[in-house]
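# Structural features, examined
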Amino acid sequence: MQPNTFLLYGAYGYTGELIARYAIQYNLQPILAGRREAPLAALAAKLNLPYKVIDLDNTPLLEAALREVKIVVHAAGPYDFTARQMVDACLRTGTHYLDLNGDPDIFEQLHQSDEAAKAAGIMLLPGAGFDVVPTDCLAQFLKKALPDAQELKLAFAILGSGLSHGTAVNSIQKMGLPGAIRENGQLVREPLGKRGMQVDFGVKKLFVMSLPWGDVATAWYSTGIPNIQSYTHVPVAAWQLLKVQHLYNWLLRKPAVRNFVKRQIDRRAPGPDDNTRNQAISLIWGQASNAGGQRVTARMRTPEAYDVTAYTVLLITQKVLQGNFKTGYHTPSTAYGENLVLEVPGVLRELL
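Residues numbered from 1 in each chain as written. Predicted model: local features only at pLDDT ≥ 70, side-chain atom pairs only at ≥ 80, totals over all residues. Heavy atoms only, no water.

### Observations concerning empty space enclosed by the protein
The full count for this structure, using the stated rule, is one cavity of 30 Å³ or more. By volume, the largest cavity is sized at about 30 Å³. Forming the boundary of the largest cavity are Gly179, Ala180, Ile181, Glu190, Pro191, Leu192, Gly193, Ser210, Leu211 and Ser230. Take the lining of the largest cavity: its biggest share by element is three residues, from strand S8 (residues 179-183). Here the residues of the lining of the largest cavity are counted per class, giving five nonpolar, four polar and one charged. (1 Å grid on protein atoms, 1.4 Å probe; cavity = no way out; pocket = protein on both sides within 12 Å on 5 of 7 lines; lining within 4 Å. Points joined across faces, edges and corners; volume = space filled by probe spheres on them. Helix = DSSP H or I, 4+ residues; strand = E, 2+ residues; numbered from the N terminus. Nonpolar A, V, L, I, M, F, W, Y, C, P; charged D, E, K, R; others polar.)

### Quick look at the pairing of strand S5 (residues 96-99)
With burial as the criterion, each face of S5 is covered, one bearing His96 and Leu98 and the other bearing Tyr97 and Asp99. Where strand S4 (residues 71-74) lies against S5, four bridges are found, and the strand directions are parallel. Residue pairing across strands places Val72 opposite Tyr97, the latter belonging to S5. Once the chain exits S4 it traverses helix H4 (residues 79-93) before rejoining the sheet at S5, and the crossover so formed is right-handed. Pairing between S5 and strand S6 (residues 123-125): two bridges, direction parallel. Looking at S6, one finds that Tyr97 is bridged to Leu124. (Buried < 20%, exposed > 50% of the residue type's maximum accessible area, 1.4 Å probe, protein only. Pairing = 2+ DSSP bridges. Right-handed = clockwise from strand over helix to strand, strands pointing away.)

### Looking at the nonpolar core
Core analysis: the largest hydrophobic core is formed by 92 residues, its most contacted members being Leu8, Ile19, Leu32, Met86, Tyr97, Leu152 and Ile316. With 11 residues, helix H14 (residues 305-321) is the largest single contributor of residues to this core. Discounting residues that sit within four places of it in the chain, Tyr97 has contacts with Val72, His74, Tyr79, Ala83, Met86, Val87, Cys90, Leu110, Met123, Leu124, Leu125 and Pro126. Ala155, Met197, Val199 and Leu206 belong to the second-largest nonpolar core, a separate cluster that totals 12 residues. (Core = buried A, V, L, I, M, F, W, Y, C linked by side-chain atoms within 4.5 Å. Contact = heavy atoms within 4.5 Å.)

### Here we look at the packing of aromatic side chains
Per the counting criterion, the structure on display carries six aromatic pairs. On the basis of an interplanar angle of 40° and a centroid distance of 4.2 Å, the ring pair of Phe156 and Trp213 is categorised as tilted. Of the two residues, Phe156 is situated in strand S7 (residues 151-159) and Trp213 in the loop between strand S11 (205-210) and helix H9 (215-223); the sequence distance between them amounts to 57 residues. Residue class for Trp213 comes out buried when judged on its relative accessible area of 12%. Among the aromatic side chains, those forming a connected cluster through ring pairs are Phe130, Phe156 and Trp213. Cation over ring: Arg349 sits above Phe141, and NZ or CZ is 3.8 Å from the ring centre. (Phe/Tyr/Trp six-rings, centres within 6.5 Å; stacked < 30°, edge-to-face > 60°. Lys NZ or Arg CZ within 6 Å of the ring centre and 35° of its normal.)

In structure tokens, the structure reads:
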């Protein structure tokens, strides 16, 4: 077992390939892994890296591969269908687990393995990318600025970039489903886009709408703040269209409609190219308030979201391989503090 080696499952996906390409910047060597040999072999030849063909349903082969490494970066979604198999295998083999999840339900599900992870001596840290490192760190930062906070609002905007194929396909799985907030410590379902507001991100003011970003789960574990809402930037016209979504949710949930949308996505490029990412930026805003009406607000600017994902995953992987980890289920900030995101080049944060 090489000290700088990790298993990268889902390596030939858009974000997986970015992680593989950027790994050398952190003196790390991924073993590329996934279900399909052709794209794995092509990527391995391109980057001069080793690879393994592994189906998640092939438990003996998966566990054999995990026993050869200390940590796996699980980049193969949708996590509704892949996270449980990988986590269970990690618990049996004593392998640390990171993923790129952003779904509150998956965070909640994996949190149930906290005690099992402690017993196995491993760390489970889902959401090790843009979902949810910047927002989770900002949540912890605001909690420390206002320790008795009872409400937390987080918003983000990605300017000048777009969705990868994997992110878009995962979004299809949620078409027609409701959003969620944290209310009095519990996840509560509500219509997607029920709430909307203007946010001053510093660079510009933008309209944002509510959505079930991972922080409605993770920020609760990170801060204990009982009421949490998350928002993203959308055009006002798109938000207004969502106001009548309840009339056609039944249609969006139909397999034929989802398959049609997926075919359109399959015809697109796998994700934003290098030039697009280099020019794009991501903006984060957060506000915490207490029962007395006191508020604290903070903003953050980061590189493009997919670049941030590659950097944060590799940064955390490097820390784990150096022996810097906590056992059990963790969020980025419970494992490494609110300043973790500041270790990514180009990140700026301000308390207003």
